[in-house]
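Structural description and commentary
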Amino acid sequence: MADPDLDFTSGDAGASETYPQQCSALRKNGFVVLKGRPCKIVEMSTSKTGKHGHAKVHLVGIDIFTNKKYEDICPSTHNMDVPNIKRNDYQLVDINEGFLSLMLDNGDVREDLRVPDGDLGKEIETKHGAGEDMMVGTFFFFFFFFFFFFPWFKLNLVYEHCSVAFLTEGSNITGPLKYFVQN
Amino acid sequence: MMAAVGAPEVISQLESAAKVLMAPPSMVSTEQRQHAEHIFLSFRKSKSPFGVCKHILETSKVDYVLFQAATAIMEAVVREWVLLEKNSIESLRTFLLTYVLQRPNLQKYVREQILLAVAVIVKRGSLDKSINCKSIFHEVSQLISSGNPTVQTLACSILTALLSEFSSSNKTSNIGLSMEFHGSCKRVFQEDDLRQIFVLTMEVLQEFSRRENLNAQMSSVFQRYLALANQVLSWNFLPPNLGRHYIAVFEATQNVMLKPTESWREALLDNRVMDLFFTVHRKIREDSDMAQDSLQCLAQLASMHGPIFPDETAQVSYLAHMLEGLLSMINGIEIEDSEAVGISNIISNLITTFPRSVLTALPSELFSSFINCLTLLTCSFGRSAALEEVLDKDDMVYMEAYDKLLESWLTLVQEDEHFPRGCFVQPAVQVFNSYIQCHLAAPDGTRNLTANGVASHDEEEINELQEDDRELFSDQLASIGMLGRIAAEHCIPLLTSLLEDRVTRLHGQLQRHQQHLMASSAPDSVDRKVLDDLYEDIHWLILVSGYLLADDPQGETPLIPSEVMEYSIKHSTEVDINTTLQILGSPGEKATSIPGCNRTDSVIRLLSAVLRTSEVESRATRASLIELLSPQMGKDIVWFLRRWAKTYLLVDEKLYSQISMPLSTAFGADTEGAQWIVGYLLEKVINNLSVWSSEPELANDTVELLVTLVEKRERANIVVQCENWWNLAKQFASRSPPLHLLSSPIQRTLMKALVLGGFAHMDSDTKQQYWAEVLHPLQQRFLNLINQENFAQICQEEAVKQEIVATLEALCGIAEATQIDNVGSLFSFLMDFLSSCIGLMEVYQNSPETVNLIIEVFVEVAHKQICYLGETKSMKLYEVCLTLLQVYSKNNLGRKRLDVAAEEDQYQDLLLIMELLTNLLSKEFIDFSDTDEVFRGQEQSTGAGRTVSAADVVLFGVNIVLPLMSQDLLKFPSLCNQYYKLITFICEIFPEKIPQLPEELFKSLMFSLELGMTSMSSEISQLCLEALSPLAEQCAKTQEKDTPLFIATRHFLKLVFDMLVLQKHNTEMTVAAGEALYTLVCLHQAEYSELVESLLSSQRDAVIYQRLADAFNTLTASSTPPTMDRKQKVAFLKSLEEFVANVGGLLCVK
């Protein structure tokens, strides 16, 4: 593993990082590897050379880590690599010197992720602070989207895809929703 | 001139502002520019600016300032009309005209603007008859007779300004006049003044056409008058007694046909008029600009109809004269490029306007020379159009002309029973042949050949947005197909032999490539040129054959065209049925190698030729030559087969008065032929889906063929007897390759087809088995998956997600297959899934693309099924939709996402949710359910006692969605439209539900309405205004005061009042705003009086005060006391229009 950035073979729990899929079966809003980067497909169109030519697919994707735009054009019979993307939800336990302490369902805690830059980061810190003040009655989850894709994320501490939802205990689950809960 | 006090200051201020505005962008800042604009705007709004403006016009040297002064005069005259002395208006008009006359060197735009002001004065004056219009015509005719080209040009400009001011309705709102006023002005104008303008114009044209040598200046005057003549002849004559609403619709029509009133008979029904235009055209035809006008004048004359003709004889002789003139014009000349469109317009207008009886009453020699001429012209334009395509010209004049002529042919031959029998056969043969020739490659045809015979061949990039030829040229193809039917005797065998020949060559070519491939390991340097030429030939031959053999009507049963049927019947005695069936049943063999192939039915033989093409394609795919094939040809084949199958397969003898034996023997119900062909088509579909998954369009055409095969019960009955069908179903259910490579829309349609097929006639065991193979695996796999204990852990694994996504796609496909007779079982099946889908919403809340798809399933189910559902079932659907919305809202409120696609994702979700709500709401006005008849015997009792309407659910849904709708999201136009459509719907259909809404929801609803009224597009604003009347009526009904709704409507009264009275609004909205205002006034009479009082009391000018007070009195006079009564409302709306015309502009004065 000379260059960890380009390593596709090792990763999380032995699952393969990508799998091939015929271009025509890709879909907008799905994922694909473009120029070696895992991308969300934001545009997909076909064209052909000459009236009797075969279809080519034009893909525009946005790197899920860097938000950079990548494009590719290939025959529609071509097999493209689709990244295996895994999202995990963590409960936010604490914030330490700009790093988040996150707990997985199985109780493992990871502390290698930095608080995101910008407004979202500030919001997380404020809410977390407020949460501490109000120990009783309030309790919130911090849902965190996260990609186990590149082994080097640990080095760079990259997180791009964050989501926070605040729930108040006991609220919302009423009426027909019970149906869902029971199921 | 008291207003001129301080005029020099005003002028210097305006001139420096003009300097700023005219400066290049780099020289001035945005603020400076805005300030300068503001100076002009407030100048134009200033009160009685006439003195200053006159002064400016006389002294200023800055053109832009002169222009603004003219505009200010025009606007102020209209605004202050009622306050002005009649003779001061008169003198203002004279001043402006003299001003222009004395300054021949004015900038064109300044002059036009001043003349526009004159025209506006004349028009506004015709309302109160205070201005004598006649004097202006006197002045103009004097100008014309002066013989001075400059003065004549000016005269023409005056007439043009008058004409456009009186003709065009989009100017109306600019001067605040009602449509009715506009209409009556126009009517008076067209009876008298317009004719006077026409006579003046004709005199000028006469004069010029006599002169030998025209210098440049004279010919420019000539051109202006010719354009004016064209404008008069294109006048959209208002018929008497056309209602206010219709006028707007009427005015919007393009391509006006000339339908003058009776009073024009003398002026227009005179052969000398027509002759003059033919003479004029001959004189100027080399000048392409002028030629366009003269030909357009002739085209307008060719469209003349209506009360101007006293009887049919007059029409016949008019048409005869027109045709003679036309023929002698065309026959003597070589047509210029610039003439093609004009000439085809003349012909097309003649053929569309004159009734068949007039055409057939023409002298037969004249008629046949016209038809000959039309034939030659069509063929020649067709060839030139093909040349234009080769040269890739931007301006395709011949193509446009060719389209027009083909369209005219269609009109002619569609009613050919009026004409002598067979009179169109020869022309049809010629036009058909030339079309085919232009579309085939050399040596048979001339495709891609430039004028000197050089072939051009380039490969351009074609994107998916470009339409397929079958759509792009559908009009041409429909005409050619129709002509082909007229000359079926010639055209069907021609197409067959050309196609058979191309297929044989294609077969040979592919075989050579294959041998080459097997012989050498080196990659074949394929010469695509030969193949592509063959593909392109086959492409056009199949398209023409498809359009010839069948129509593709939307929503009705397509019938075999009578010409084709007759043709087949006529030859049925010479036909050997067995050989015909043999030709049909052996697509793998060369048709000409079958003994007796000359004694086959030609219609069946043409289909067989396409089947042969299909067979060559299928065999090539099996021989791994896919790379060499053309997906375009693949599309053409399945497109043709689909079109053909809709019309010919299982031909229903009851629908025809006579039926061809060969056709009914080969394709009739219970025939081996039909069974064979269904099997063949099915095999084709399966083959295509497995080898062409990478070609989305071809795969789509293929599944559409499959849907066609199963959507009609009779066809489906045969389909389900095929083993292949079952294989397809099993293969798809098992999600094994290659079907899973298909893109998701295709998989959806495939699922739809499989479900539709399941409702074919089968014995109950078979049926049970079928569903066990198709639907149950879907359910089983899904249940197994989500019921796994560790589903929560594995749900994010890609394989699991794919399975889920595939299931959701399939559910959409199942919903799409809903028909009235299967809704019962499909609904129950889908309901089980919908409940589980809500669970998935939770599981996949972090996966926006999956959430989106889940909502889509609900949208589809509601869209396709709600209208058939009885009360119990509807309730179930409402409930589950409601739960979906609750979960969605819970998961998305307060959520923040950091990625770029976040907004787009949410936008898509909300759009789908709105769609879902609208679909649910549609139950209230489209309901096909018959008190649960579909479900009779099933759980009748559970629904009893509950009365939840769609409105309850939708309102609840809106409540959930509303917090998510941010003002940012409303910036997406489609989302905004959908949202306002939804809330207007709710107010209109269920006004009684509005007062019962929870407070918060009520507030946001009212806020939405206000926002929509005040700060959205006019379309949305209109929607909101429409929602107000039902709300006010609701309040009046309950008679309760101090309810929140009552208070809200009071607020809206003020908003609407201000909107109508104080703000400049467009006239389209007057009706919607007026209706809303009236109902609100009825409800809040005291508040209305207060509003009027406070408005009046703020007026300091006594004249304006009186004027306004009178106007308000007249406004409500017809409806005192105001009551919610239709008659009174209409009367109010009428007075409102006058009110807006009279004082609308007055209140805007600063």
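Conventions and cut-offs
Residues numbered from 1 in each chain as written. Chains lettered and ligands numbered in written order. Predicted model: local features only at pLDDT ≥ 70, side-chain atom pairs only at ≥ 80, totals over all residues. Heavy atoms only, no water. Patch = residues over 30% accessible without salt bridge, like charges linked within 9 Å, V, L, I, M, F, W, Y side chains within 5 Å. Areas by Shrake-Rupley, 256 points an atom, 1.4 Å probe, with all protein chains shown as cover. Salt bridge = Lys/Arg side-chain N within 4 Å of Asp/Glu carboxyl O. Helix = DSSP H or I, 4+ residues; strand = E, 2+ residues; numbered from the N terminus. Axes fitted to C-alpha atoms, helices over the stretch in contact; angles between N-to-C directions. Parallel < 35°, antiparallel > 145°, perpendicular 65-115°, else oblique. Left-handed = near helix turned anticlockwise from the far one by under 90°. Contact = heavy atoms within 4.5 Å. Nonpolar A, V, L, I, M, F, W, Y, C, P; charged D, E, K, R; others polar. Buried < 20%, exposed > 50% of the residue type's maximum accessible area, 1.4 Å probe, protein only. Pairing = 2+ DSSP bridges. 1 Å grid on protein atoms, 1.4 Å probe; cavity = no way out; pocket = protein on both sides within 12 Å on 5 of 7 lines; lining within 4 Å. Points joined across faces, edges and corners; volume = space filled by probe spheres on them. pLDDT = per-residue confidence, 0-100. Expected span 1.5 Å × (residues − 1). Polar contact = N/O pair within 3.5 Å; in protein donor to acceptor, adjacent residues only side chain to side chain.

**Structural notes on a nonpolar patch on the surface**
A surface patch of nonpolar side chains, about 400 Å² in accessible area, is lined by I820, F925, I926 and F928 of chain B. Checked against the element boundaries, I926 of chain B lands in the loop between α42 (902-921) and α43 (950-961).

**Overview of the packing of helix α32 (residues 696-711) of chain B against helix α35 (residues 744-757) of chain B**
All names here are of chain B. Put simply, α32 and α35 touch, their axes get as near as 9 Å, and they point 15° apart. Looking at the two axes, α32 sits roughly parallel to α35. Considering the relative orientation of α32 and α35, their crossing is left-handed. Of the residues in α35, those in contact with P696, A699, N700, V703, E704, L706, V707, V710 and E711 of α32 are I746, T749, L750, K752, A753, L756 and G757. Among the residues forming the contact of α32 with α35, the class breakdown is 10 nonpolar, three polar and three charged.

**A closer look at the pattern of salt bridges**
Residues and elements named next belong to chain B. Overall, the coordinates contain 42 salt bridges over all chains when judged by the stated rule. For R447, the salt bridge is made with D537, and the minimal N-O distance between the two is 2.6 Å. Taken as a pair, R447 in the loop between α21 (425-439) and β1 (461-463) and D537 in helix α25 (residues 528-549) lie far apart in primary sequence, 90 residues in all. There is no split in this pair, since R447 and D537 are both buried.

**A short note on the side chain of S303 of chain B**
Looking at where S303 of chain B falls in the secondary structure, it is placed in the loop between α15 (288-302) and α16 (312-331). Contacts of S303 of chain B, omitting those with residues within four sequence positions, involve M257, L258, N349 and T353 of chain B.

**Observations concerning the sheet that holds strand β8 (residues 99-103) of chain A**
All names here are of chain A. One open sheet holds the three strands; their spatial order is β7-β8-β9, and the pairing between them is antiparallel. For this open sheet the edge positions go to β7 (91-96) and β9 (109-114), each flanked by a neighbour on one side alone. Going from strand to strand, the sheet's axes swing by 30° on average, the running direction of each strand aside. In terms of strand pairing, β7 meets β8 through five bridges, oriented antiparallel. In the strand pairing of β8, Q91 is matched with M103.

**Considerations on empty space enclosed by the protein**
Residues and elements named next belong to chain B. Applying the stated rule across the entire model yields four cavities of 30 Å³ or more. By volume, the largest cavity is sized at about 160 Å³. Around the largest cavity, the lining is made up of 18 residues, and of these F732, R735, M751, L778 and A810 lie nearest the centre. Taken together, the elements giving at least two residues each to the lining of the largest cavity come down to α34 (723-733), α35, α36 (764-786) and α38 (798-816).

**Some thoughts on the pairing of β8 of chain A**
Residues and elements named next belong to chain A. What sits between β7 and β8 in their antiparallel hairpin is a turn of two residues, with E97 showing a positive phi close to 45°. The pairing of β8 with β9 spans four bridges and is classified as antiparallel. Within β9, the residue paired with L102 across the bridge is R110.

**Overview of the confidence of the model for chain A**
Residues and elements named next belong to chain A. Of the residues in chain A, 54% have a pLDDT of 70 or more, and the chain-wide mean is 62. The spread of mean pLDDT over the elements of chain A runs between helix α3 (residues 177-182), the lowest at 20, and strand β5 (residues 69-75), the highest at 93. Here residues 1-15 is modelled with pLDDT under 50, and outside its nearest four sequence neighbours on either side it reaches 19 contacts, counting other chains as well. For the stretch residues 132-183, pLDDT sits under 50, and the model shows 134 contacts to residues farther than four places along the chain or on other chains.

**Re helix α5 (residues 86-102) of chain B**
Here α5 of chain B spans 24 Å end to end across 17 residues, near enough to the 24 Å set by a 1.5 Å rise per residue. Among the residues of α5 of chain B, I89, L92, R93, F95, L96, L97, Y99 and V100 of chain B are the ones counted as buried.

**Brief notes about the side chain of N230 of chain B**
All names here are of chain B. Take N230: it is sitting in helix α11 (residues 216-233). Among the polar contacts listed, one links the side chain of N230 to the side chain of D293, at a separation of 3.0 Å. Those residues in contact with N230 that sit more than four places away from it in its chain are D293, Q296, C297 and Q300.

**Some remarks on the confidence of the model for chain B**
Residues and elements named next belong to chain B. Residues at a pLDDT of 70 or more form 91% of chain B, whose mean pLDDT is 86. When mean pLDDT is compared element by element in chain B, helix α29 (residues 631-648) scores highest at 97, while helix α12 (residues 244-252) scores lowest at 53. In this model, residues 932-945 is a region of pLDDT below 50 whose contacts with residues beyond four sequence positions or in other chains number 19 contacts.

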